[in-house]
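# Close look at the chain arrangement
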Amino acid sequence: MREQRVIDPTQATRRADSTDFNAASPHRAGHSTGIHPEDRPRVTDEQRLRQAHYRYDDGTGDEVYDTRIPTSVRRYQMPVTQAPRTVVRYHRQQVPPRRSRTQDYAPPVQPQTHTRPTEAKAKPAQAHRREWHPLVYVGLTILVGLMVFVGVSLALNWWHGYQDDLHYGRPRTAQYDVRVGHHDVHTPSHFLAINLNKQVEIIELPGGDATKSRVYIGPTLVGDGQDLTPVTLEFRDVNGDGKPDMIVHIEDSKIVFLNDNGQFRLAKPSDTITL
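Residues numbered from 1 in each chain as written. Predicted model: local features only at pLDDT ≥ 70, side-chain atom pairs only at ≥ 80, totals over all residues. Heavy atoms only, no water.

## Topic: a nonpolar patch on the surface
On the surface, a cluster of nonpolar side chains totalling about 630 Å² of accessible area is made up of Trp132, Val136, Tyr137, Leu140, Leu143 and Met147. Tracing the sequence through the fold places Leu143 in helix α5 (residues 134–167). (Patch = residues over 30% accessible without salt bridge, like charges linked within 9 Å, V, L, I, M, F, W, Y side chains within 5 Å. Areas by Shrake-Rupley, 256 points an atom, 1.4 Å probe, with all protein chains shown as cover. Salt bridge = Lys/Arg side-chain N within 4 Å of Asp/Glu carboxyl O. Helix = DSSP H or I, 4+ residues; strand = E, 2+ residues; numbered from the N terminus.)

Spelled out as structure tokens, the structure:
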């Protein structure tokens, strides 16, 4: 029976180092030390340690075989602690297309407007019709009526002034040719009624003769715009003597000049006059 001798792995490692397995082959590829071709691959220290072998020595010292490391070793797998996971949430958002794409292919995307609850509640309040007090309508009616009245009054005054300018001119002047018995058998007498700066004057040319002219002074008018009031004349018998008398009309007023002794005189309160 052969004697079994156990060789120390450290001594085997040292022996392996002395053998120099890593030396390059001088007969194969490679031109410098340290290069190991395919016929002699490099053996690492880990592989050497795994070659813990038992040698049978029969006296000659020949190595029979090497044994591998026993596999009866119990190995434990340590639990792996997992790091806390990070949850990433992606929100999908609609990105509007480029301007060139919207012009060539599709209409532009209209942005969506979100109304707030406060605005939605404010709309019914705005839609509610405000009720006015009845006196407001009464006041508006009176104001409109007053404006219409003033406008119509201004229009009528302008129209009357325009008509007076056409008939009487400025200063206001009225002319008459009447036979009143003052040297006017052949030619009627000529009368001029003038409103000269609010002063009423009547000029008589008996028989059309300017050398025998007479001037009768009438009243002085007072008030704004009275310089544009026309003065008119009327000739008729008001005292019953058969001769035409002269009546001066200034708006609604009448002034009587009686025909007496070849001229006109202002009527007196004692005169009997029938208008």
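Having put the structure on the table, let's press on.
## Comments concerning the packing of aromatic side chains
As enumerated under the stated definition, the model contains eight aromatic pairs in all. A centroid spacing of 5.7 Å and a plane angle of 10 degrees characterise the contact between Trp158 and Tyr162, whose relative ring orientation is stacked. Taken as a pair, Trp158 and Tyr162 lie in helix α5 at a separation of four residues, close to a single helical turn. Looking at Tyr162, the relative accessible area reads 39%, which means it is partly exposed. Each residue in the set Phe191, Tyr216, Phe235, Phe257 and Phe264 is aromatic and connected to the rest through ring pairs, giving one cluster. (Phe/Tyr/Trp six-rings, centres within 6.5 Å; stacked < 30°, edge-to-face > 60°. Buried < 20%, exposed > 50% of the residue type's maximum accessible area, 1.4 Å probe, protein only.)

## Some words on the sheet that holds strand β10 (residues 263–266)
Spatial ordering of the open sheet is given by β7-β8-β9-β10, a layout of four strands whose pairing is antiparallel. Every interior strand has two partners, whereas the edge strands, β7 (231–236) and β10, have only one. Going from strand to strand, the sheet's axes swing by 30 degrees on average, the running direction of each strand aside. Sheet topology places strand β9 (residues 253–260) next to β10; four bridges connect them, and they run antiparallel. Residue Asp260 lies in a different strand from β10, and its bridge partner there is Gln263. (Pairing = 2+ DSSP bridges. Axes fitted to C-alpha atoms, helices over the stretch in contact; angles between N-to-C directions.)

## A word on unusual backbone geometry
A cis geometry characterises the amide bond from Arg170 onward to Pro171, with omega recorded as -5 degrees. Locating Pro171 in the fold gives a position in the loop between α5 and β3 (172–178). With a phi angle near 55 degrees, Glu251 is a residue other than glycine that sits in the positive phi range. Along the polypeptide, Glu251 turns up in the loop between β8 (245–250) and β9. Taking the relative accessible area as the measure of exposure, Glu251 reaches 56% and is therefore exposed. Although it is not a glycine, Asn261 sits at a positive phi angle of roughly 60 degrees.

## Observations regarding the nonpolar core
Grouped together as the largest cluster of nonpolar side chains are 17 residues, with contacts concentrated most on Phe191, Ile202, Leu233, Met246, Val248 and Phe264. The set of elements that each furnish at least two residues to this core consists of β4 (189–196), β5 (199–205), β7, β8 and β9. What Leu233 contacts, discounting residues up to four positions off in sequence, is Tyr176, Phe191, Ala193, Ile202, Met246, Ile247 and Val248. (Core = buried A, V, L, I, M, F, W, Y, C linked by side-chain atoms within 4.5 Å. Contact = heavy atoms within 4.5 Å.)

## Examining the sheet that holds β5
A sheet is described by the order of its strands in space; here four strands give the open sequence β3-β4-β5-β6, paired in antiparallel fashion. Strand pairing shows two members of the sheet lacking a second neighbour, β3 and β6 (214–220), which therefore form its edges. On average, adjacent strands in this sheet sit at an angle of 15 degrees to one another, irrespective of strand direction.

## Remarks on the side chain of Asn195
Among the structural elements, Asn195 can be located in strand β4. From its side chain, Asn195 meets the backbone oxygen of Gln226 in a polar contact 2.9 Å long. Here the side chain of Asn195 touches Thr229 through a polar contact of 2.8 Å, landing on its backbone oxygen. Setting aside chain neighbours within four positions, we find Asn195 in contact with Pro171, Arg172, Leu221, Gln226, Asp227, Leu228, Thr229 and Val231. (Polar contact = N/O pair within 3.5 Å; in protein donor to acceptor, adjacent residues only side chain to side chain.)

## Looking at the pattern of salt bridges
This structure, assessed with the given rule, holds five salt bridges. With its nearest N and O atoms 2.8 Å apart, the salt bridge here joins Asp165 to Arg172. We classify Asp165 as partly exposed; its relative accessible area is 30%. Residue Arg172 is classed as buried on the basis of its relative accessible area of 1%. Put simply, Arg236 and Glu234 hold a salt bridge, and the shortest N to O gap is 2.8 Å.

Any link to function would need more than the numbers given here.
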